[in-house]
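Here is how the chains run, residue by residue.
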Amino acid sequence: MKTIQKYMNLDSKQDLALKQEYMNSFQDPEFREYIETLPISENILIHYTSRLKEASEEFHHCKNCKGLAFCQNKIKGYLLMARQEYKTINFSYVACHYEQEKNQTLTYQTYLSYYEMSEEMKKASMQRVYKDDKKRIPIIKYFTEFIKQYEKDESPRGMYLYGSFGSGKTYLIAALLNELAKRHVRSAVVYFPEFLRHLKASFHEDFEEKFQSIKKAPILLLDDIGAENLTAWSRDEILGPILQYRMEQNLPTFFTSNLNLEELESHLSMTTSGVDKVKARRIIERIKQLTTSFELISENRRK
Ligand code: ADP
Ligand code: MG
């Protein structure tokens, strides 16, 4: 603990008063704890007791804070920080780590369009991908290679990632696209079954705009293909043209599914208007041209 004795040689009345005020505050263990985090000598500190008390209060609010919604500081998401400048202290409001994280999330998210995806997926990150499961290693390797090639303008192939429910397929690809967004690459992430419902509902509104923005997105994830209620219209007028365009333009396209390609083919062949194996086959051929397939069968991570 720092002591006050060394100031005893201060002589002016004003200095004595400052010292007294500082000493009084120093009795408070929380204040002391805060002061001990500062690399500033005490003969400077004693001139700023009241602001330091404020900063100490904010420091302790932040110490036990669970998130921005619980912020108790004067300016939400910010804390008063003391920094030495020559023989004075400069106090300024600095964004806390929750606020910084939020800002970072907001900036990269301007590069992403999400249709009906959970908040959790918007925050998925490569750093947080579980590494305990060896089955993810080839997928992560593919991603690393993908980023390298994409940055060299080589339009690498996307991925068809299939496997068991809750194994983390969507999370993995969302993490990749978020990573790319941080590098200013635009993607669209579409929960496919819901996207089809939206398109149908918006037929007389902004249908064309929605459809085009997905078709032309620089990178696209069609999430959970095979889980939709398929009609001939959604297969032949929506899915088919999206894939055709993306193939012609070399636009990387990702898919997740609970079905492998064989099962997807059989799903795609059956619509409410009957069975059409040729049309289903054609879609599968496009998916094969656009992607490399990976399987991810793993424990269900959904809580
Ligand atoms: P799938 O798309 O295969 O059905 P999800 O990607 O939705 O599975 O993952 C299931 C759950 O597990 C989600 O709640 C997801 O956030 C979580 N999850 C999956 N993989 C990870 C991961 N690598 N790190 C953190 N959470 C994960
Ligand atoms: Mg999923």
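It should be emphasised that the depicted structure is a prediction, and the values quoted were computed from it without experimental measurement.

Cut-offs applied
Residues numbered from 1 in each chain as written. Chains lettered and ligands numbered in written order. Predicted model: local features only at pLDDT ≥ 70, side-chain atom pairs only at ≥ 80, totals over all residues. Heavy atoms only, no water. Domains from an automatic or database assignment. Helix = DSSP H or I, 4+ residues; strand = E, 2+ residues; numbered from the N terminus. Buried < 20%, exposed > 50% of the residue type's maximum accessible area, 1.4 Å probe, protein only. Polar contact = N/O pair within 3.5 Å; in protein donor to acceptor, adjacent residues only side chain to side chain. Contact = heavy atoms within 4.5 Å. Expected span 1.5 Å × (residues − 1). Pairing = 2+ DSSP bridges. Phe/Tyr/Trp six-rings, centres within 6.5 Å; stacked < 30°, edge-to-face > 60°. 1 Å grid on protein atoms, 1.4 Å probe; cavity = no way out; pocket = protein on both sides within 12 Å on 5 of 7 lines; lining within 4 Å. Points joined across faces, edges and corners; volume = space filled by probe spheres on them. Nonpolar A, V, L, I, M, F, W, Y, C, P; charged D, E, K, R; others polar. Salt bridge = Lys/Arg side-chain N within 4 Å of Asp/Glu carboxyl O. Lys, Arg positive; Asp, Glu negative; His and termini not counted. Core = buried A, V, L, I, M, F, W, Y, C linked by side-chain atoms within 4.5 Å.

Draft legend 1. Structural detail: the domain arrangement of the protein chain. According to the domain assignment, the protein chain consists of domain 1 (2-95) and domain 2 (104-296). On a C-alpha basis, the centres of domain 1 and domain 2 stand 52 Å from each other.

Draft legend 2. Highlighting the side chain of His60. Tracing the backbone through its elements, the reader meets His60 in helix H4 (residues 49-63). Of the residues examined, His60 reaches a relative accessible area of 10% and is grouped as buried. Only 2.8 Å separates the side chain of His60 from the backbone oxygen of Glu30, close enough to count as a polar contact. With near-sequence residues (within four places) excluded, His60 lies in contact with Glu30, Glu33 and Tyr34.

Draft legend 3. Fine view of helix H13 (residues 277-290). Taking 1.5 Å per residue as the helical rise, H13 with its 14 residues ought to reach 20 Å, and the 20 Å between its terminal C-alpha atoms agrees with that figure. Summarising the contacts, the buried residues of H13 are in contact with strand S4 (158-162), helix H11 (232-248), strand S7 (253-257), helix H12 (261-269) and strand S10 (291-295). Capping the start of H13, Asp276 holds a side-chain oxygen 3.2 Å from the backbone nitrogen of Val278, two or three residues further along.

Draft legend 4. Representation of the pairing of strand S6 (residues 219-223). Burial within S6 is extensive, with 5 of its 5 residues counted as buried. Neither face of S6 is left uncovered, since the one carrying Ile219, Leu221 and Asp223 and the one carrying Leu220 and Leu222 both have all their residues buried. Where strand S5 (residues 187-191) and S6 come together, 5 bridges link them in parallel fashion. Looking across to S6, one finds that Tyr191 is bridged to Asp223.

Draft legend 5. Layout of the packing of aromatic side chains. Using the criterion set out here, one finds 12 aromatic pairs in the structure. Between the aromatic rings of Phe146 and Tyr150, the centroid separation amounts to 6.0 Å while the plane-to-plane angle is 10°, which identifies the pairing as stacked. Of this pair, Phe146 and Tyr150 both sit in helix H7 (residues 137-151), separated by 4 residues, roughly a single helical turn. The class of Phe146 is buried, set by a relative accessible area of 1%. Geometrically, the ring pair formed by Phe207 and Phe211 is stacked, given 5.8 Å between the ring centres and 10° between the ring planes. Of this pair, Phe207 and Phe211 both sit in helix H10 (residues 207-215), separated by 4 residues, roughly a single helical turn.

Draft legend 6. Fine view of the layout of surface pockets. Empty space within the largest pocket amounts to approximately 660 Å³. Around the largest pocket sit 24 residues that line it, and Glu120, Met121, Gly168, Tyr171 and Arg302 are the ones nearest its centre. At the level of elements, helix H6 (119-122) and helix H8 (169-182) are the ones that each hand at least two residues to the lining of the largest pocket. Counting residues per element, the lining of the largest pocket draws most heavily on H8, which supplies 3 residues. Taken together, the residues of the lining of the largest pocket sort by class into 7 nonpolar, 7 polar and 10 charged.

Draft legend 7. Examining the pattern of salt bridges more closely. A complete count under the given rule lists 13 salt bridges for this structure. Linking Lys102 and Glu99 is a salt bridge whose minimum nitrogen-to-oxygen distance equals 3.7 Å. Taken together, the positions of Lys102 and Glu99, both in helix H5 (residues 97-109) and 3 residues apart, correspond to about one turn of that helix. The exposure class assigned to Lys102 is partly exposed, which follows from its relative accessible area of 38%. For Glu145, the salt bridge is made with Lys148, and the minimal N-O distance between the two is 3.7 Å. A residue pair is termed a helical-turn pair when its members lie 3 or 4 positions apart in one helix, as Glu145 and Lys148 do in helix H7 at 3 residues.

Draft legend 8. Inspection of the side chain of Glu58 at higher detail. Topologically, Glu58 is positioned in helix H4. Although Glu58 is buried, it forms no salt bridge, and the closest oppositely charged side chain is Lys74 at an N-O distance of 6.0 Å. At 3.1 Å, the side chain of Glu58 and the backbone nitrogen of Lys74 are in polar contact. The contact partners of Glu58, leaving out residues within four places of it in the chain, are Asn73, Lys74, Tyr78, Leu79, Leu80 and Tyr93.

Draft legend 9. The arrangement of the nonpolar core in detail. Counting residues in each nonpolar core, the largest one holds 31 residues, and the members touching the most others are Phe143, Leu177 and Phe254. Mapped onto this core, the elements with two or more residues apiece are strand S3 (112-115), H7, S4, H8 and S6. Top element by residues in this core is H8. It accounts for 8 residues. Each residue touching Phe143, except ones within four places of it in the same chain, is listed here: Met126, Met159, Leu172, Ile173, Leu176 and Phe254. In terms of nonpolar packing, the next biggest core, distinct from the first, is built from 30 residues, Ile225, Ile242, Leu268 and Ile283 among them.

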